[in-house]
Amino acid sequence: MTENLTKETFLKKVFNFEENKTWKFEGERPAIIDFYADWCGPCKMLAPVLEQLSDEYEGKINIYKIDTEAEQELSAAFGIRSIPSMLFCPAEGEPQMANGALPKADLERIIGEVLKVEIPS
């Protein structure tokens, strides 16, 4: 199940950008952060795909959602200019950003390549 993040929960579960200038992932497992808005058509199309991935990869990755309207400071911190935008956070290494409503196959490929998590059988 995807989880909505506020700035407060983001600082604890993903990255405390107020304390750290360089990237330091705070999560227990790799994560995808979906920056979205309720009025965004492509975001609405992406939502069920992310829910499906959340179920399929349960216990392997976390999928979070950030409402760009409610959490404008987070959006600004990551330079979000178009939505949907997704931040892929591996357990080790630098995060990568992807823009647009990507198809499930592309998301699975990125989960494998960037997050280093294999597709569940």
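Computed from a prediction, not measured in an experiment: that's the story for all the values here. (Residues numbered from 1 in each chain as written. Predicted model: local features only at pLDDT ≥ 70, side-chain atom pairs only at ≥ 80, totals over all residues. Heavy atoms only, no water.)

Caption draft 1: Broad picture of the side chain of Lys7. You can see Lys7 is positioned in helix H1 (residues 7-13). A relative accessible area of 18% means that Lys7 is categorised as buried. Within the local environment of Lys7, its side chain forms a polar contact with the side chain of Glu73, the two groups lying 3.0 Å apart. Excluding its chain neighbours within four sequence positions, the residues that come into contact with Lys7 are Phe17, Glu18, Glu71, Glu73 and Leu74. (Helix = DSSP H or I, 4+ residues; strand = E, 2+ residues; numbered from the N terminus. Buried < 20%, exposed > 50% of the residue type's maximum accessible area, 1.4 Å probe, protein only. Polar contact = N/O pair within 3.5 Å; in protein donor to acceptor, adjacent residues only side chain to side chain. Contact = heavy atoms within 4.5 Å.)

Caption draft 2: Quick peek at the pairing of strand E5 (residues 96-99). Direction of pairing for strand E4 (residues 85-89) relative to E5: antiparallel, over a ladder of 4 bridges. Note on E5: the bridge partner recorded for Phe88 is Gln96. Between E4 and E5, which follow one another and run antiparallel, lie 6 residues, and Gly93 among them has a positive phi close to 100°. (Pairing = 2+ DSSP bridges.)

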